[in-house]
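Chain by chain, the residues run as shown.
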Amino acid sequence: MNKLLLTLFVLLLNSTIVLAQTEADTTWRRTFSAGINLNQAAFSDNWRAGGISSIALNTHLDARADYSRGQVTWDNEAQLQYGLIKNKGDEMRKSIDRIYLDSKYGYKFAPKWNAFLSANFLSQFAPGYDDVTDADGNEILVSNFLSPGYLTFALGAEYKPTPSFSLRLSPFAPRFTFLVDDEVVADDRYGVPEGDKVRIEWLAAMVQATFKRDIATNINMRLNYMGYLNYGEFSFKRVDHRLNAVLNAKVNRYINVNLMGNVVYDYDQDTEIQYSQSLGLGILYSLEGFSLSR
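Rules used throughout
Residues numbered from 1 in each chain as written. Predicted model: local features only at pLDDT ≥ 70, side-chain atom pairs only at ≥ 80, totals over all residues. Heavy atoms only, no water. Salt bridge = Lys/Arg side-chain N within 4 Å of Asp/Glu carboxyl O. Helix = DSSP H or I, 4+ residues; strand = E, 2+ residues; numbered from the N terminus. Buried < 20%, exposed > 50% of the residue type's maximum accessible area, 1.4 Å probe, protein only. Core = buried A, V, L, I, M, F, W, Y, C linked by side-chain atoms within 4.5 Å. Contact = heavy atoms within 4.5 Å.

(A) Representation of the pattern of salt bridges. Overall, the coordinates contain 17 salt bridges when judged by the stated rule. Here Arg-199 and Glu-233 are joined by a salt bridge, their closest N and O atoms 3.0 Å apart. Taken together, the positions of Arg-199 in strand β11 (residues 198–201) and Glu-233 in the loop between β13 (219–230) and β14 (240–250) put the pair 34 residues apart, joining distant regions of the chain. On the basis of relative accessibility, which here comes to 11%, the residue Arg-199 falls in the buried class. Accessibility expressed as a relative area gives 25% for Glu-233, which makes it partly exposed. Each of Arg-175, Arg-199, Glu-201, Glu-233, Arg-238, Asp-240 and Asp-268 takes part in a single network of salt bridges with overlapping partners.

Okay, here's the thing in structure tokens:
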């Protein structure tokens, strides 16, 4: 399955390079950042205040390649997050795991409005296990790459009043939910029908909102929201909500403090709100406005 993810990256990169070689580079705006954050805590065995020694490593990568010429735009984005944590006496587990790829072709029909067609992919890199074990003491696999995985296509209109904010309204947004790992199936089907590995929701709507800007000197905030509604299950509690937030503060050119959070409500996964959060000090490497042309 990792070959499929690699293929998606290669196709995105190759298409970007080809267009960059045939068009003036001023039509493209590219950004890239990658960081590693390390968290560590240690306590002696007689530390009376309490505490558990631990070590955690979080990595993240964000890349964009946006094309604009006349009334045509083509925006491409990749967000990758992965982290591990090891508490004293416990096995190493992942603390955060997210793959998000998005590509949108737009045509401007008004000063602040675009008609668009988009595709996005959401999944994770590695196996995830429940905090509890089964009756035999074995770990319970609850997720893996493409288990679940979500591929969503959308057609609609985008409102973009400023470069830092955009709102996509999609009355037609078919989604494919993948569940390919048989071990994950034994615990949760994520809405995929019994005996199938893919669930297709043809008649559905989606709302996406993105906000990214510097909120103070050397402090940047990024928010991504996605709401999804299947017309056939029209009720408030069946609307899926996903919010990803990143707050990045630069200490200097390479050192940064990074706060990441994810909030998910998906009735097919759990009837309660899920969330994850990580905070770390680490190294950040970034590029902006670089060229891929010959």
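(B) Just the nonpolar core, in detail. Core analysis: the largest hydrophobic core is formed by 15 residues, its most contacted members being Ala-154, Ala-173, Leu-179, Val-184, Tyr-190, Met-206 and Tyr-228. At the level of secondary structure, the elements contributing two or more residues to this core comprise β5 (113–123), β8 (149–162), β12 (204–216) and β13. Those residues in contact with Tyr-228 that sit more than four places away from it in its chain are Thr-152, Ala-173, Pro-174, Arg-175, Glu-201, Ala-204, Ala-205, Met-206, Arg-238, Val-239 and Asp-240. Core analysis: the second largest hydrophobic core is formed by 9 residues, Ala-78, Leu-80, Phe-145 and Phe-176 among them.

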